[in-house]
Each structure stands twice: as C-alpha cells, then as structure tokens.
Amino acid sequence: MLEIRDLAVSYGAVEAVRGVNLRAEPGAITAIIGANGAGKSSLLRAISGLAPVRGGAVLLEGRDITRVPASRRAALGIAQAMEGRRIFRDLSVEENLQLAWRFGRKSAPWSRAIAQVYANFPILSEKRRGPAGLLSGGQQQMVIVSAATICNPSYLLLDEPSLGLAPIIVREIYAFITESCREHGTTVLLAEQMATLALKVSTYGYVLRQGRVIREGASRELVETGLVASLSAAYL
Ligand SMILES: Nc1ncnc2c1ncn2[C@@H]1O[C@H](COP(=O)(O)OP(=O)(O)OP(=O)(O)O)[C@@H](O)[C@H]1O
Ligand SMILES: [Mg+2]
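If you're wondering where the values come from, they're calculated on a predicted model, not measured in any experiment.

Conventions adopted
Per chain, residues are indexed from 1 in the order of the written sequence. Chain A is the first chain written and ligand 1 is the first ligand written, with later ones labelled in order. Given that this is a predicted model, residues contribute local features only at a pLDDT of at least 70 and side-chain atom pairs are listed and counted only at 80 or more, while totals for whole chains, interfaces and linings are drawn from all residues. Every helix listed is a DSSP run of H or I at least four residues long, and every strand listed is a run of E at least two residues long, numbered separately from the N terminus. The reference for a compact globule is 2.2 Å times residues^0.38; the radius of gyration itself is calculated from the C-alpha atoms. Residue burial here comes from a neighbour count, namely the number of other C-beta atoms, placed from the backbone, that lie within 10 Å of the residue's own C-beta, with 20 or more meaning buried, 12 or fewer meaning exposed, and in between meaning partly exposed. Note on contacts: residues are paired as contacts if their backbone-placed C-beta atoms lie within 7 Å. By definition, a nonpolar core groups buried Ala, Val, Leu, Ile, Met, Phe, Trp, Tyr and Cys residues that are joined through C-beta atoms within 7 Å. The rule for pairing is simple: two strands pair if DSSP sees at least two bridges between them. Whether a residue is near a molecule or strand depends on its C-beta atom, placed from the backbone, lying within 6 Å of it. When residue character is reported, Ala, Val, Leu, Ile, Met, Phe, Trp, Tyr, Cys and Pro are called nonpolar, Asp, Glu, Lys and Arg charged, and the others, Gly included, polar. To define axes, lines are fitted to C-alpha atoms, for helices over the stretch in contact only, and angles between the resulting N-to-C directions are given on a 0 to 180 degree scale. Expected span of a helix, by definition, is 1.5 Å for each gap between consecutive residues, and there is one gap fewer than residues. For classification purposes, angles smaller than 35 degrees are called roughly parallel, those larger than 145 roughly antiparallel, those between 65 and 115 roughly perpendicular, and all remaining angles oblique. By arc we mean the arc of the directions from the helix axis to the C-beta atoms, nothing more. Classification remark: right-handed applies to a crossover when, strands pointing away from the viewer, the course from the first strand over the helix to the second runs clockwise.

Trainee: What should I look at first to understand the overall build of the chain in this one?
Mentor: When its secondary structure is counted, the chain shows 10 helices and 10 strands. By the compact-globule yardstick of 18 Å for 236 residues, the chain fits well, its C-alpha radius of gyration being 17 Å. Taking the principal axes of its C-alpha atoms as reference, the chain extends roughly 45 × 40 × 35 Å. Looking at the chain as a whole, 41% of its 236 residues are labelled buried. Sequence separation of 24 or more characterises 70% of the internal contacts of the chain that already satisfy a separation of 6 or more.

Trainee: Teacher, can you tell me more about the nonpolar core here?
Mentor: Across soluble globular proteins, nonpolar side chains have a tendency to be buried as a group. Residues Ile32, Ala46, Val143 and Leu190 are the most contacted members of the largest nonpolar core, which totals 65 residues. With 6 residues, helix H6 (residues 137-149) is the single largest residue contributor to this core. The residues touching Ala46, leaving out its near neighbours within four places in the chain, are Leu7, Val9, Val17, Ala51, Val53 and Val58.

Trainee: Would you mind going over the sheet that holds strand S5 (residues 63-64) with me for this structure?
Mentor: The strands that make up a sheet pair up through hydrogen bonds in the backbone, lying either parallel or antiparallel. Across the sheet, 4 strands lie side by side as S2-S1-S4-S5; this open sheet has antiparallel pairing. With partners counted over all chains shown, the strands left at the sheet margins are strand S2 (14-24) and S5, one partner each. Here 6 bridges tie strand S1 (residues 2-11) to strand S4 (residues 53-60), and the two strands are oriented antiparallel to one another. Counted as the bridge partner of Ile4 is Val58 from S4.

Trainee: Is there a simple way to explain the site of ligand 1 in this structure?
Mentor: Residues in contact with ligand 1 amount to 13 residues; listed here are only the nearest, Tyr11, Ala16, Lys40, Ser41 and Ser42. Among the elements of the structure, S2 and helix H1 (40-48) are those that each provide at least two residues to the shell around ligand 1. Element by element, the count of residues in the shell around ligand 1 is highest for H1, at 3 residues. Class assignment for the residues of the shell around ligand 1 results in 4 nonpolar, 7 polar and 2 charged.

Trainee: Any chance you could explain the sheet that holds strand S7 (residues 155-159) here in plain terms?
Mentor: Spatially, the 6 strands line up as an open sheet ordered S6-S7-S8-S3-S9-S10, and their pairing is mixed. Sheet topology places strand S6 (78-81) and strand S10 (212-218) at the edges, where each strand pairs with a single neighbour. The sheet shows a mean angle of 15° between the axes of neighbouring strands, direction not considered. Relative to S7, S6 runs parallel, the two being bridged by 4 bridges. Each residue of the ladder has a partner; that of Ala81, found in S7, is Leu158. Taken strand by strand, H1 contacts strand S3 (29-33), S6, S7, strand S8 (187-192) and strand S9 (204-209), and its axis lies near 150° from that of S7.

Trainee: Sorry if this is basic, but what is going on with H6 here?
Mentor: Relative to the 18 Å expected for 13 residues at 1.5 Å per residue, H6 spans 18 Å between its end C-alpha atoms, a close match to the ideal helical length. In terms of residue burial, H6 counts as a mostly covered element, since 10 of its 13 residues are buried. Taken together, the buried positions of H6 are Gln140, Gln141, Met142, Val143, Ile144, Val145, Ser146, Ala147, Ala148 and Thr149. Buried residues along H6 sit against S6, helix H3 (93-103), helix H4 (110-120), helix H5 (122-126), S7 and helix H7 (167-184).

Trainee: Sorry if this is basic, but what is going on with the packing of H6 against H7 here?
Mentor: When two helices pack together, their arrangement is given by the angle between the helix axes and by the axis-to-axis distance. Where H6 contacts H7, the two axes come as close as 10 Å, and the packing angle between them is 10°. The angle between H6 and H7 places the two elements in the roughly parallel class. Between H6 and H7, the residues in contact are Gly138, Gln141, Met142, Val145 and Thr149 and Ile169, Ile173, Phe176, Ile177 and Ser180, respectively.

Trainee: Just to check I follow, could you spell out H3 for this structure?
Mentor: Along an α-helix, a turn takes 3.6 residues, which lines up residues three or four apart on a common side. Every buried residue belonging to H3 is among Val93, Asn96, Leu97 and Ala100, and all of these are buried. Buried residues in H3, looked at end-on, bunch into an arc of 95°, giving them a common side. Looking at the buried residues of H3, the elements they touch are H4, H5 and H6.

Trainee: Explain the pairing of S8 here, please?
Mentor: The side chains of a regular strand alternate between both faces of the sheet. When you tally the buried positions in S8, you get 6 out of 6 residues, the bulk of the element. The two faces of S8 match: Thr187, Leu189 and Ala191 on one face and Val188, Leu190 and Glu192 on the other face are all buried. Across 5 bridges, S7 lies against S8 in parallel orientation. The partner of Asp159 across the bridge, within S8, is Ala191. Taken together, S7, H7 and S8 form a β-α-β motif whose crossover is right-handed.

Here it is, written out as structure tokens:
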C-alpha cells in the first residue's frame, strides 16, 4: 500500500501541493487528474524523493519514507517515468534500457528482461543499436515506459505518458501499461491531464486543483457523474 497523508510541497513561496491525502490501491491503477500547474508532478516527485516536502508523509506499506533519499527508493520497488522524456540521447536504445535495469531491483536476468521489452515493442528491437535521441517521440516514450517497468517494480509512477503523442501511440503505450501492471500486480499512480483516458484505465481517481484534491471516487463513477465534461468546461 502506498499512501500520502496531508502532503505539502512548496518551492519557495509557491505552494504546489497543499494537504493532499491519497491512497494507491494495491495492484490497481489510480489516476491523478488536473490541469497545468495543479500539482500532479510535484505529488509524484514527492513520492520519488525529488520534491521539497514541507509537511505530511509518504507511507510505503506503513513505513514513513518521506525522508528516504531518492537514490534509495528504487531499492524499495518504486520506479518512475517522469515528465519531459528523460532519456540519454547519445546512448543507444539498448544502453538506455541496460542502465535502467542495472539501477533497478532485479527480478529477472538481463536476457529475459530485454527479450520481454522487444516482445512488447518490436520497433525497439529494430532500433536497438541506434542512438535513442534519433527515435520519434512515441518510440522514446516506449523506451521510457520500458525502462520504468524493466525490473517489474512494485510501485510505478507515471507522469503524463500521453503528452505530445499521436492517439495511436497513446493507445499502444496505455495497452502496454495496463497489461504489464495486471500481469505483475503493480501498483500504479498515473498523472494525466487527459481525464477521459486516465479514468478509462484506472479504478479510482483523484482530481487536483491548485494543489488540493477537489474530488475523488471510483473512476467509473467520476465518468458517470459527468466529471470529464465539468472539468473540460472549467479548464477551457
Ligand atoms: N521547480 C519548481 N520551482 C518553482 N515552482 C515550481 C517548480 N515546479 C513546479 N512549480 C510550480 O508548482 C505548481 C505545480 O506544478 P506541477 O509541475 O506540480 O503541476 P502539474 O500538475 O504537473 O502541471 P503540468 O500538467 O503542467 O505538468 C505550479 O504553480 C508550478 O509553477
Ligand atoms: Mg506535470
């Protein structure tokens, strides 16, 4: 169980997260929805140890990990695919994946792990010797989600995996995330601006606005009660 209690994150005078309570259901996808600047990335970065936490706590299986250094959180089974396509552009596709595998908590030998990645995304096998920086945006996102999942993490943090991608690639990435997590029982926190998409794949959702949770509930209920329509109206 991954739980956040009364979390506050601020950058100087900017209060990005203001007293958020949240639970990520074990083995399920939990969505965090909100517009630009709502605090989604700050919330996820607090869980990975990269945001300035001013108050509250991050609990992993009941243990307070708020002050555990970011570098030690991978060993706890937390993996992340963060915003902005972090990739080593000059390294090859396979070298990128190998680095992720080397720093993660191993659950399978390298040969099996990489074979699985190429089975999921055959295009990456074709491109494996070339520099990752020359991949298309969608292919880079495939590398990023593969790097995040190559060690079968217990907890997976995904920050806007759909950002800037064509709908067909978004579907492919989301199908992979959903299947991979179901197969391995991964607990996922998914931040998205695309509410419809996030609520379709998740079981529970939280809506953030200006650093606060303004709504939460079963994803199906949020859809049925017209949340998506009201959000679009509020944001546009
Ligand atoms: N490193 C930083 N320094 C100063 N302010 C920051 C920093 N990172 C985020 N902020 C501010 O914190 C608030 C929340 O930002 P955050 O990136 O968490 O939002 P978000 O929901 O992820 O938005 P987006 O959908 O645009 O990625 C914003 O007002 C933002 O300007
Ligand atoms: Mg963000």
